[in-house]
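Here is how the chains run, residue by residue.
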Amino acid sequence: MIKGEIILSISTDVASIQIMAEVYKKNSTQSVFEKTVNSLVQEVPYIDWVGIYLITEDQNLQLVESSDDADDLGWEYNGELKFPITNSMEQQIGLIVVRSKQAIAFDVTDVTTLETIAEAIGQICYSN
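Scope of this entry: the structure provided in the associated data block. As the structure is a prediction and not an experimental result, all values here were calculated from the model.

Cut-offs and rules
Residues numbered from 1 in each chain as written. Predicted model: local features only at pLDDT ≥ 70, side-chain atom pairs only at ≥ 80, totals over all residues. Heavy atoms only, no water. Helix = DSSP H or I, 4+ residues; strand = E, 2+ residues; numbered from the N terminus. Expected span 1.5 Å × (residues − 1). Buried < 20%, exposed > 50% of the residue type's maximum accessible area, 1.4 Å probe, protein only. Arc of directions from axis to C-beta. Polar contact = N/O pair within 3.5 Å; in protein donor to acceptor, adjacent residues only side chain to side chain. Salt bridge = Lys/Arg side-chain N within 4 Å of Asp/Glu carboxyl O. Pairing = 2+ DSSP bridges. Axes fitted to C-alpha atoms, helices over the stretch in contact; angles between N-to-C directions. Contact = heavy atoms within 4.5 Å. Core = buried A, V, L, I, M, F, W, Y, C linked by side-chain atoms within 4.5 Å.

A word on helix α2 (residues 29-43)
Here comes step 1: Under the 1.5 Å per step criterion, the end-to-end length of α2 is 21 Å for 15 residues, consistent within 8% with the ideal 21 Å.
Here comes step 2: The set of residues buried in α2 consists of Val 32, Phe 33, Thr 36, Val 37, Ser 39 and Leu 40. The buried residues of α2 all sit within an arc of 165 degrees when viewed along its axis, so they share a single face.

Considerations on the side chain of Asn 87
Here comes step 1: By secondary structure assignment, the location of Asn 87 is in the loop between β3 (79-86) and β4 (92-100).
Here comes step 2: Residue Asn 87 is classed as buried on the basis of its relative accessible area of 5%.
Here comes step 3: Within the structure, the side chain of Asn 87 is placed 2.9 Å from the backbone nitrogen of Met 89, a separation counted as a polar contact.
Here comes step 4: Side-chain polar atoms of Asn 87 contact the side chain of Gln 91, separated by 2.9 Å.

Quick word on the pattern of salt bridges
Here comes step 1: The final tally for this structure, using the stated rule, is 4 salt bridges.
Here comes step 2: Here Lys 101 makes a salt bridge to Glu 76, at a shortest N to O gap of 3.9 Å. Here Lys 101 is found in the loop between β4 and α3 (108-125), whereas its partner Glu 76 is found in the loop between β2 (61-66) and β3, with 25 residues between them in sequence.
Here comes step 3: Classification of Lys 101 by relative accessible area gives partly exposed; the value is 42%.
Here comes step 4: Glu 76 gets classed as partly exposed once you look at its relative accessible area, which sits at 45%.
Here comes step 5: Salt bridges sharing common partners tie together Asp 72, Glu 80, Lys 82 and Arg 99.

Looking at the sheet that holds strand β1 (residues 49-55)
Here comes step 1: Strands sit in the order β2-β1-β4-β3 across an open sheet of 4 strands; the sheet is antiparallel. Two strands close off the open sheet at either side, each with one partner strand: β2 and β3. Mean inter-strand twist for the sheet, computed between neighbouring axes without regard to direction, equals 25 degrees.
Here comes step 2: Where α2 meets the sheet, it contacts β1 and β2, and its direction lies at approximately 150 degrees from that of β1.

Re the side chain of Ser 66
Here comes step 1: Inspection of the secondary structure assignment puts Ser 66 in strand β2.
Here comes step 2: Each residue touching Ser 66, except ones within four places of it in the same chain, is listed here: Val 37, Trp 49, Val 50 and Gly 51.

Details of the pairing of β2
Successive residues of a regular strand alternate their side chains across the two faces of the sheet.
Here comes step 1: Pairing of β1 with β2, which is carried by 5 bridges, proceeds in the antiparallel orientation. When the bridges of β2 are listed, Gly 51 appears paired with Ser 66.
Here comes step 2: Turn length for the β1-β2 hairpin, with the two strands adjacent in sequence and antiparallel, is 5 residues, and the turn residue Gln 59 shows positive phi of about 65 degrees.

Re the nonpolar core
Side chains of nonpolar character tend, in soluble globular proteins, to be buried together.
Here comes step 1: If you look at the biggest cluster of nonpolar residues, it comprises 26 residues, and the most contacted ones within it are Leu 40, Ile 47 and Ile 96.
Here comes step 2: The greatest single-element share of this core, amounting to 5 residues, is contributed by α3.
Here comes step 3: Beyond its immediate stretch of four places on either side in the chain, Leu 40 contacts Ala 15, Ile 19, Ile 47, Val 50 and Leu 114.
Here comes step 4: Among the nonpolar cores identified, the runner-up in size contains 5 residues, and Trp 49, Tyr 53, Leu 95 and Val 97 belong to it.

With respect to unusual backbone geometry
Here comes step 1: In this structure, Gln 59 is a non-glycine residue whose phi angle is positive, near 65 degrees.
Here comes step 2: Tracing the sequence through the fold places Gln 59 in the loop between β1 and β2.
Here comes step 3: Owing to a relative accessible area of 62%, Gln 59 belongs among the exposed residues under this scheme.
Here comes step 4: Backbone geometry places Glu 90, a non-glycine residue, at a positive phi of 60 degrees.
Here comes step 5: Among the structural elements, Glu 90 can be located in the loop between β3 and β4.
Here comes step 6: Overall, the relative accessible area of 69% leaves Glu 90 in the exposed class.

Here is the structure:
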């Protein structure tokens, strides 16, 4: 269904534009995190939860921002994508996790757009 695919791609693109605008304003990292999780959940109808994790000094992942702190969908999600956040030295410093209750929700456009967002967050917010 081409019409449906176009609509889904547009919603991901709208969210990414909002996020990238926040990144390039060079606002606080927390502001970028908040814009990322909120834009993805509000603009993309099949994204039900987003979380941003950072790697701590003891190499554990710590949730620093999520679209719903009380409910990460636990066992309810059927689709999940994970994207590494890397700094300018290409070291992984975090992870963006996107979940959907739909089994087949994500397409190639989602993957490339979310990879771009993760890269921009790492390169601009954590440039060395």
